[in-house]
Amino acid sequence: TNDPLYFCDINESLITDVTQQFNPIYANRIRKYVISTHDLSVLPQNQFGFIFSWWVFNFTDILTIENYLKSIFNLLRPGGTFMFSYNNSDFVESAILVDMNIMTHVPYRHLAKLCYDIGFEIDSQHDIPNTDPLIQIISWLEIKKPGTLQSIKLKQVIGTIGQK
């Protein structure tokens with residue numbers, strides 16, 4: 001049920017810009033975390049069924065990505081999925097972005113090995129053409145922590161439990 005919903009960024013104003021667009025009921029489900037040092041240990045360990053990151057690894061070096069992947073592996077429950085974009089510089093169009101200092105060099109062949117070495121399974125890998133003349137290919141991975149995703153929740157929480 002994605003409850004609670006976590007929003008993390010390096011800048012609190014970016015989180016606020018996004019979360020203030022939601023209605024108050026939905027906004028109450030959001031837990032906000034500013035992650036300024038690449039340290040994800042402040043988040044609940046082994047609790048996430050799905051983690052999503054877009055346009056972060058496109059600008060991050062492979063060693064920092066490795067550290068994030070190790071942390072994310074610990075955040076996911078067995079069977080949990082991590083979906084993220086990156087700059088697949090195995091493609092000439094994406095390698096040009098590296099030469100222009102726009103994005104980082106993260107070839108799929110290295111990233112896939114890294115994911116397997118950490119213990120992830122690769123569910124799917126995508127490279128799709130984009131209509132933007134500068135960013136011609138958008139690449140993302142969907143990786144999974146081995147196991148079966150299970151939950152004891154039957155539905156979203158619709159009330160609070162308080163003390164008498």
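This write-up is about the structure you can find in this document. Worth saying up front: this structure is predicted, and the values here are computed from it rather than measured.

Attention now moves to the pattern of salt bridges. Once their charged atoms are close, side chains differing in charge can pair, the charge on each being opposite to the other. In this structure the tally under the stated criterion is three salt bridges. Glu66 is the partner of Lys70 in a salt bridge, and the nearest nitrogen-oxygen pair spans 3.3 Å. Of this pair, Lys70 and Glu66 are both found in helix 3 (residues 62-75), four residues apart, which corresponds to roughly one turn of the helix. Of the residues examined, Glu66 reaches a relative accessible area of 21% and is grouped as partly exposed. Between Asp90 and Arg109 there is a salt bridge, with its nearest N and O atoms 2.6 Å apart. With a gap of 19 residues between them, Asp90 in the loop between strand 4 (76-86) and helix 4 (92-99) and Arg109 in helix 5 (residues 108-118) connect regions that are remote in the sequence. For Asp90, a relative accessible area of 35% translates into the label partly exposed.

Residues Val92, Ile96, Met100 and Leu134 make up a contiguous nonpolar surface patch of roughly 360 Å² in combined accessible area. For Leu134, the location among the structural elements is in the loop between strand 5 (121-129) and strand 6 (137-144). Classification of Leu134 as partly exposed rests on a relative accessible area of 39%.

Now for empty space enclosed by the protein. If you walk through the whole model with that rule in mind, you get one cavity of 30 Å³ or more. One number sums up the size of the largest cavity: a volume of about 60 Å³. Around the largest cavity sit 13 residues that line it, and Asn58, Tyr86, Ile137, Ile138 and Ser139 are the ones nearest its centre. Here the element with the most residues in the lining of the largest cavity is strand 6; it accounts for three residues. Split by residue class, the lining of the largest cavity holds seven nonpolar, six polar and no charged.

What follows is about the pairing of strand 4. In terms of residue burial, strand 4 counts as a mostly covered element, since nine of its 11 residues are buried. One crossover worth recording links strand 3 (residues 48-57) to the parallel strand 4 by way of helix 3, and it is right-handed. Bridge count for strand 4 against strand 6 is six bridges, and the pairing is antiparallel. Residue pairing in the sheet places Phe82 in a bridge with Ile143 of strand 6.

Bringing the packing of aromatic side chains into the picture now. Overall, the coordinates contain 14 aromatic pairs when judged by the stated rule. Seen from their ring centres, Phe7 and Phe22 are 6.0 Å apart, and the 65° between their planes marks the pair as edge-to-face. Taken together, the residues Phe7 in strand 1 (residues 5-9) and Phe22 in the loop between helix 1 (12-19) and helix 2 (24-27) connect sequence positions 15 residues apart. Note on Phe22: relative accessible area 31%, which makes it partly exposed. Centroid distance Phe50 to Phe52: 6.5 Å. Interplanar angle 20°. Geometry classified as stacked. Residue classification places Phe52 among the partly exposed residues on the basis of a relative accessible area of 49%. Each residue in the set Phe57, Tyr68, Phe82, Phe84 and Tyr86 is aromatic and connected to the rest through ring pairs, giving one cluster.

Conventions and cut-offs
- Residues numbered from 1 in each chain as written.
- Predicted model: local features only at pLDDT ≥ 70, side-chain atom pairs only at ≥ 80, totals over all residues.
- Heavy atoms only, no water.
- Salt bridge = Lys/Arg side-chain N within 4 Å of Asp/Glu carboxyl O.
- Helix = DSSP H or I, 4+ residues; strand = E, 2+ residues; numbered from the N terminus.
- Buried < 20%, exposed > 50% of the residue type's maximum accessible area, 1.4 Å probe, protein only.
- Patch = residues over 30% accessible without salt bridge, like charges linked within 9 Å, V, L, I, M, F, W, Y side chains within 5 Å.
- Areas by Shrake-Rupley, 256 points an atom, 1.4 Å probe, with all protein chains shown as cover.
- 1 Å grid on protein atoms, 1.4 Å probe; cavity = no way out; pocket = protein on both sides within 12 Å on 5 of 7 lines; lining within 4 Å.
- Points joined across faces, edges and corners; volume = space filled by probe spheres on them.
- Nonpolar A, V, L, I, M, F, W, Y, C, P; charged D, E, K, R; others polar.
- Right-handed = clockwise from strand over helix to strand, strands pointing away.
- Pairing = 2+ DSSP bridges.
- Phe/Tyr/Trp six-rings, centres within 6.5 Å; stacked < 30°, edge-to-face > 60°.

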